[in-house]
Amino acid sequence: MEYTKVSCFPEPDSETNREILTAQLGELGFESFSETDDAVEAFIPSSAYREELLHDESLVNNPLFKVRFQTEIIPDQNWNEVWEKNYFQPLLVENRCLIRAPFHKDTPKAEYEIVIDPRMAFGTGNHETTYLMISAILQQDLQGKQVLDMGCGTGILGILASMRGADMVKAIDIDEWSYKNTLENAEINNVTNIDVAQGDAGLLGKEKFDVIYANIQRNILLQDLPVYASVMCKDAEIIVSGFYREDLPAISAKAEEVGLKPAGYEERNNWVAARFIR
Ligand SMILES: C[S@@+](CC[C@H](N)C(=O)[O-])C[C@H]1O[C@@H](n2cnc3c(N)ncnc32)[C@H](O)[C@@H]1O
């Protein structure tokens, strides 16, 4: 399928404005999104694209920001090539975990090798937060643990947890594309102990977990941390990411309010992954 890519440059550019913009573009029928330093890139099948979409009230009359657009046709034939060239380079984390796409050849050998067919779902290791989460997972002892990967995206974190000895992984994502992509990536990597579901914190309640990963975003974490904490066994740990350094006090305050103790954090380009223990 041929896609139209619309690069959207919000002014002022902030995480909140990007989130609002992405939500509004989603309402208008854009199917998937990626981010660059100065733009949100939104993709829509060319058959569904009309220029009027960019004149929609919600975009042009937004009180919080102005937005400038640049469109580009992405031809049908080579989504893999587009990803390969623009977004997804093989990545070696901590010299231990290689993340590559099926189309990457001649990659270095590593202790863990995860093959991810990203298909527009978030999580190839190239984003700071995924990188931070992977680094944290590489330091954990996961033998025999029950793991929850909340907001699984490509499933990369749950897949690594399984490779590192987790007994069982539950992976949940609100987005259908991510749900399907996690199933595919689990299969590609011969990981058979991941139970994947589409939904949100509303799916939780029955099972308890020893380890939770939630690389989502500030507002969802603030909203859902009480539920995550309620499904943690005693001494279980949760690693949260998807927010900036300046949001850490709010996240920590919410975590402590629901009975979690701070256990350190790592930072990369102002993005944070923070650990809490129950
Ligand atoms: C930043 S990505 C993280 C993907 C992957 N876990 C990683 O670390 O690379 C966040 C994911 O959370 C999902 N998500 C957003 N809101 C959610 C919610 N309320 N519950 C579950 N998943 C959610 C998104 O669809 C997206 O795939």
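These numbers come from a predicted model, not from an experiment.

Moving on, we come to the sheet that holds strand β1 (residues 3–11). Within a beta sheet, neighbouring strands are joined by backbone hydrogen bonds and run either parallel or antiparallel to one another. Spatially, the four strands line up as an open sheet ordered β2-β3-β1-β4, and their pairing is antiparallel. Edge strands, defined here as strands with exactly one partner in the open sheet, are β2 (32–35) and β4 (66–74). Within this sheet the neighbouring strands show an average axis-to-axis angle of 25 degrees, counted without direction. Two elements, β1 and strand β3 (residues 40–45), share six bridges in a ladder whose sense is antiparallel. Opposite S7, over in β3, you have E41 as the bridge partner.

Within strand β14 (residues 271–277), five of the seven residues are buried, which leaves the element mostly enclosed by the surrounding structure. Judged from the six bridges that link them, strand β13 (residues 261–268) and β14 form a sheet pairing that is antiparallel. Paired with K261 across the two strands is I277, which belongs to β14. Here β13 folds back onto β14, and the loop between the two strands holds two residues, one of which, N269, carries a positive phi near 50 degrees.

Turning next to the environment of A48. As for its position among the elements, A48 is in the loop between β3 and α2 (57–60). According to the relative accessible area criterion, A48 is partly exposed, its value standing at 37%.

Turning next to the domain arrangement of the protein. Interface size, as often reported, equals the accessible area lost upon joining of the parts. By domain assignment, the protein separates into domain 1 (3–74) and domain 2 (137–277). When each unit is reduced to the centre of its C-alpha atoms, the spacing between domain 1 and domain 2 is 29 Å.

UniProt marks T130, G151, D173 and N215 with the feature "binding site: S-adenosyl-L-methionine" (unreviewed entry), using the numbering shown here. By relative accessible area, which is 9% here, D173 ends up buried. When residues no more than four places from it in sequence are discounted, the contact partners of D173 are G151, C152, G153, S178, Y179, A197, Q198 and G199. Within the structure, D173 has its side chain in polar contact with the backbone nitrogen of C152 (distance 3.2 Å). A relative accessible area of 12% means that N215 is categorised as buried. Of note is the side chain of N215, whose polar atom sits 3.0 Å from the side chain of T129.

Parameters at a glance
- Residues numbered from 1 in each chain as written.
- Predicted model: local features only at pLDDT ≥ 70, side-chain atom pairs only at ≥ 80, totals over all residues.
- Heavy atoms only, no water.
- Pairing = 2+ DSSP bridges.
- Helix = DSSP H or I, 4+ residues; strand = E, 2+ residues; numbered from the N terminus.
- Axes fitted to C-alpha atoms, helices over the stretch in contact; angles between N-to-C directions.
- Buried < 20%, exposed > 50% of the residue type's maximum accessible area, 1.4 Å probe, protein only.
- Domains from an automatic or database assignment.
- UniProt positions renumbered as here; feature names shortened; annotations may be inferred.
- Contact = heavy atoms within 4.5 Å.
- Polar contact = N/O pair within 3.5 Å; in protein donor to acceptor, adjacent residues only side chain to side chain.

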